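Secondary and tertiary structure notes
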Amino acid sequence: MVQCFCGMVHDLGRRGFLGALMAAAVDAQAPAPASAGPADPALIEDLVIANHILYDQGVVDGFGHISARHNKDPNRYLMSRSMAPALVTAEDILEYDLDSTPIDQRGRAVYLERFIHGEIYKLRPDVRAIVHSHSPAVIPYANVKVPLRPMNHIASFLGGGVPVFEIRTAAGPASDMLIRNAALGHALATVLGPHPVALMRGHGSVAAAQSVRHVVFRAVYTEVNARMESEALRLGEPTFLNDEEAAAAMKTNDALVDRPWDLWKRRVTAK
Ligand SMILES: [Zn+2]
């Protein structure tokens with residue numbers, strides 16, 4: 001049972017919010033129509049810029065990735081070939097189906113953990129962009145029992161609770177910690193449920209949102225919030241946003257993501 005932004009308690013078992021999401025996902029998994037054609041160049045451009053911003057803001061390094069659902073075909077998504085995000089160009093963006101099979105691989109290497117993206121898109125029709133990262137301030141909250149909670153209004157999207165994925169539950173005690181197949185991706189997507197962010201014990205986190213710009217916002221401020229929370233815990237017992245404050249602040253912030261995006265974009269395009 002999870003207390004959500006809406007004030008309701010959602011049953012994350014077979015029914016309730018996640019059940020509805022999974023039912024909707026059946027539609028998302030219907031046989032893919034022929035590709036609706038090339039993705040919007042503006043979406044590709046945002047995806048490339050997002051790769052650079054996530055590196056510049058300390059969310060990704062040589063590892064980590066961001067994807068966007070195809071604007072014309074909900075059964076496809078766009079993501080770079082396997083490479084460091086800071087070096088991604090438009091020519092590196094590949095199209096994948098929701099089983100995370102590249103449509104036209106052309107001999108290029110693909111991310112081992114691409115199943116994170118495909119399986120979340122299957123379960124979350126509302127999600128149009130996903131970040132997976134190993135951002136360093138966040139990982140401690142995946143490994144200890146102190147929950148990651150919203151310290152300030154900018155990170156209000158953390159207000160509904162941040163679930164933690166334990167890979168041993170799905171893969172046993174001897175995995176290499178990577179989400180390297182669809183079954184593990186599905187297990188992670190199920191733990192994420194309706195939330196914007198989930199942590200991965202001993203590994204990193206995922207953030208999901210309605211657009212590339214929103215998911216970059218969430219990935220950056222998840223890392224910032226983790227730093228602030230760790231500092232607050234050193235000082236004493238923090239008071240966090242309650243769910244009502246978080247819901248109200250998230251609504252405000254969701255309309256303002258272009259402001260930091262424009263700043264972050266200028267930093268990476270001015271170099
Ligand atoms: Zn990873």
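In this text, all values refer to a predicted model and were calculated from it rather than measured experimentally.

1. Quick look at the overall build of the protein chain
Along the protein chain, the regular secondary structure elements total nine helices and nine strands. Residue burial in the protein chain is summarised as follows: out of 271 residues, 43% are buried. The long-range share in the protein chain, meaning contacts at least 24 apart out of those at least 6 apart in sequence, stands at 70%.

2. So, the environment of Met177
In this structure, Met177 sits in the loop between α5 (167-171) and α6 (182-192). For Met177, a count of 15 C-beta atoms within 10 Å translates into the label partly exposed. A sequence separation of 11 residues divides Met177 from Glu166, and the C-alpha atoms of the two residues are 9.5 Å apart. Once residues within four sequence positions are removed from consideration, Met177 is found in contact with Ile167, Gly202 and His203.

3. Observations concerning the sheet that holds strand β7 (residues 164-165)
The strand order β5-β4-β3-β6-β9-β8-β7 describes an open sheet built from seven strands, whose pairing is mixed. Only two strands of the sheet have a single neighbouring strand rather than two, namely β5 (93-97) and β7. Sitting on the sheet, helix α2 (residues 41-56) touches β3 (65-69), β4 (76-80), β5 and β6 (129-133), and the angle it makes with β3 is about 160°.

4. Let's talk about the packing of α2 against helix α7 (residues 212-235)
At their nearest, the axes of α2 and α7 sit 10 Å apart, and the two run at 10° to each other. Comparing the axis directions of α2 and α7 gives the class roughly parallel. Residues Asp46, Leu47, Ala50, Ile53 and Leu54 of α2 touch α7, and the partners they reach there are Val212, Arg213, Val216 and Ala219. The class makeup of the residues in the contact of α2 with α7 is seven nonpolar, no polar and two charged.

5. Some details on the environment of Ser205
Tracing the backbone shows Ser205 in strand β9 (residues 204-209). With 18 residues separating them in the primary sequence, Ser205 and Glu223 have C-alpha atoms 9.9 Å apart. Each residue touching Ser205, except ones within four places of it in the same chain, is listed here: Ser133, Ser135, Val138, Ala142, Val197, Ala198, Leu199, Met200 and Thr222.

6. Let's talk about the environment of Ser80
Inspection of the secondary structure assignment puts Ser80 in strand β4. Sequence separation of Ser80 and Leu47 is 33 residues, and the distance between their C-alpha atoms is 8.8 Å. Dropping the residues within four chain positions of it, Ser80 is found in contact with Asn51, His65, Val88, Asp92 and Ile93.

7. Some remarks on the pairing of β9
Burial analysis of β9 places six of its six residues in the buried class, the great majority of the element. As defined by bridge partners, β6 adjoins β9 across five bridges and the pair is classed as antiparallel. Within the sheet, the bridge partner assigned to Ser133 lies in β9 and is Ser205. When strand β8 (residues 197-200) meets β9, the two strands line up antiparallel, connected through four bridges.

Rules used throughout
- Residues numbered from 1 in each chain as written.
- Predicted model: local features only at pLDDT ≥ 70, side-chain atom pairs only at ≥ 80, totals over all residues.
- Helix = DSSP H or I, 4+ residues; strand = E, 2+ residues; numbered from the N terminus.
- Buried ≥ 20, exposed ≤ 12 C-beta atoms within 10 Å, placed from the backbone.
- Contact = placed C-beta atoms within 7 Å.
- Pairing = 2+ DSSP bridges.
- Axes fitted to C-alpha atoms, helices over the stretch in contact; angles between N-to-C directions.
- Parallel < 35°, antiparallel > 145°, perpendicular 65-115°, else oblique.
- Nonpolar A, V, L, I, M, F, W, Y, C, P; charged D, E, K, R; others polar.

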